[in-house]
Amino acid sequence: MPELPEVEVVKNFLKSNFQKKKIIKVKIINKNLRFEIQSIIKTKLTNLIITKIYRRGKYLILLLENNLSLMIHLGMTGYFRMTNEENRKKHDHLIFYFCSKVLIFNDVRKFGFIKLYNFEELNDSKHLKDMGPEPFSDGFNLNYFTKKIKRKCSVKNLLMNQKFVAGLGNIYCSEILFDAGVNPEKICNELSKKQIEKIILSTRRILEKAINFGGTTIKNFVVNNEKIGYFKNKLKVYGKENQSCPRCKSLAKIQRIKQSGRSTFLCTKCQN
DNA sequence: AGGGCTACCTGTACGC
DNA sequence: TGCGTACAGGTAGCCC
C-alpha cells in the first residue's frame with residue numbers, strides 16, 4: 001500500500017502521539033515478517049524514550065535513547081493502530097506499550113519489517129545506503145535527473161527505482177506521468193528537457209496534494225483504525241481502465257498496460 | 001553495472 | 001457453494 005504520501009501520514013500520526021514518549025514494554029506476537037523481528041528488541045527498547053520520528057523514502061525511522069534506531073517498512077499492507085488496551089486483531093505482529101497507550105503493528109501480507117540499528121549504522125544499511133534523493137529536496141533537479149538517466153529504461157521504471165528517487169510507487173508513478181503528459185513507456189534518454197522539468201514539477205505537485213488529502217486508500221490504508229486516504233477520490237488514471245480520459249474527455253479511454261509485471265494506467269492520447 | 005524477473009504472503013474479486 | 005485464476009500500494013536477491 002504505502003508510498004511516500006501514506007508513509008508521511010503515518011509518520012505524522014506517530015510523531016504527534018509517540019515522539020518523546022517512553023516505551024514501557026514490547027511484545028512480539030509473530031516474528032516472521034519479511035525479516036525476522038530480532039527478539040533482542042524486547043529488552044533493548046524497554047524503558048527507552050523515542051526521541052525523534054522521521055521518514056526516509058518509504059521507511060519510517062524511530063530514533064531512541066542509547067543511540068538506537070528502529071527502521072520500519074510497511075510493505076504493502078502494514079499499518080499501525082493506537083488503542084487504550086490490548087485489543088488484538090488477526091495479523092497483529094508487534095505491540096509497543098506506552099504509559100497510557102498501546103501501539104500495534106499489523107500486516108496481512110507480512111512484506112513489512114522492523115529492524116533495530118545502532119544509529120551510526122542506519123544510513124549505511126542496505127536499505128538506505130543507495131537510496132536516491134527525496135522528491136522534495138533540492139537534489140532532485142534537472143541536472144541530477146539528466147545525469148542519472150540510463151538508456152533502455154522506461155520512464156515509469158526509472159521513477160519506480162528507489163535508487164533514482166525515493167518514495168514513489170505504482171500508484172503515484174501513473175498519476176505523476178499522467179499529470180506531466182509523458183508516456184510511461186517512453187525510454188528515458190529520449191525525454192526532452194521540458195518533459196523532465198514537467199516530471200519533476202508533477203512529482204512534487206501530486207505528492208504534496210496526496211499528503212494534504214491524507215494519502216490514498218485503495219484497499220486497506222488505515223491509520224489508527226480510521227480509513228483515511230481521501231486522495232483516492234482525486235486519482236485521475238490509476239484503477240480507471242476503460243473510463244474516459246479526464247483530460248481529453250470522450251476522445252480516449254484510459255488504458256491499463258503492464259510494465260515489469262505491474263499495472264500502469266495511461267491515456268495514449270495526451271501522454272507522449 | 002544495471003536491468004528484469006521471481007519470490008515472499010494473504011485476501012478478494014470474478015468466471016465457470 | 002466451490003474451485004481456479006488473476007491481481008493487489010512493497011523490495012531483496014537472484015540471473016543475465
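Structure: above.
First, a word on scope: everything that follows refers to the structure included in this document. None of the values given here were measured: they were computed from a predicted structure.

## Details of the overall build of chain A
(1) Moving on: The number of helices and strands found in chain A is seven helices and 14 strands.
(2) Moving on: At 20 Å, chain A has a C-alpha radius of gyration in line with the 19 Å of a compact globule built from 272 residues.
(3) Moving on: When its C-alpha atoms are laid out on the principal axes, chain A stretches across 60 × 35 × 30 Å.
(4) Moving on: For chain A, buried positions account for 54% of its 272 residues.
(5) Moving on: Excluding contacts between residues fewer than 6 apart, the proportion of contacts in chain A whose partners are at least 24 apart in sequence is 63%.
(6) Moving on: Put simply, chain A shows about 13,000 Å² of open surface, and 48% of that area lies on carbon and sulfur atoms.
(7) Moving on: Measuring between centres, the 52 positive side-chain charges of chain A sit 4 Å from its 23 negative side-chain charges.

## Notes on the packing of helix α6 (residues 170-180) against helix α7 (residues 193-212)
(1) Moving on: In the contact formed by α6 and α7, the axes pass within 8 Å of each other and the chain directions differ by 125 degrees. When the interaxial angle is binned, α6 and α7 end up oblique. Where α6 crosses over α7, the two elements pack in a sense that is right-handed. When α6 is examined against α7, the residues Tyr 172, Glu 175, Ile 176, Leu 177, Asp 179 and Ala 180 are found in contact with a partner set consisting of Lys 198, Ile 199, Ser 202, Thr 203, Arg 205, Ile 206, Leu 207 and Ala 210.
(2) Moving on: In terms of residue class, the contact of α6 with α7 is made up of eight nonpolar, two polar and four charged.

## Section: the sheet that holds strand β8 (residues 113-118)
(1) Moving on: An order of β2-β3-β4-β8 is seen for the four strands of this open sheet, with the pairing classed as antiparallel. Edge strands, defined here as strands with exactly one partner in the open sheet, are β2 (50-56) and β8. Adjacent strand axes in the sheet meet at a mean angle of 20 degrees, parallel and antiparallel pairs treated alike.
(2) Moving on: Where strand β4 (residues 68-73) and β8 come together, six bridges link them in antiparallel fashion.

Criteria and thresholds
- Residues numbered from 1 in each chain as written.
- Chains lettered and ligands numbered in written order.
- Predicted model: local features only at pLDDT ≥ 70, side-chain atom pairs only at ≥ 80, totals over all residues.
- Heavy atoms only, no water.
- Helix = DSSP H or I, 4+ residues; strand = E, 2+ residues; numbered from the N terminus.
- Rg over C-alpha atoms; globule rule 2.2 N^0.38 Å.
- Buried < 20%, exposed > 50% of the residue type's maximum accessible area, 1.4 Å probe, protein only.
- Contact = heavy atoms within 4.5 Å.
- Areas by Shrake-Rupley, 256 points an atom, 1.4 Å probe, with all protein chains shown as cover.
- Lys, Arg positive; Asp, Glu negative; His and termini not counted.
- Charge placed at Lys NZ, Arg CZ, Asp CG, Glu CD.
- Axes fitted to C-alpha atoms, helices over the stretch in contact; angles between N-to-C directions.
- Parallel < 35°, antiparallel > 145°, perpendicular 65-115°, else oblique.
- Left-handed = near helix turned anticlockwise from the far one by under 90°.
- Nonpolar A, V, L, I, M, F, W, Y, C, P; charged D, E, K, R; others polar.
- Pairing = 2+ DSSP bridges.

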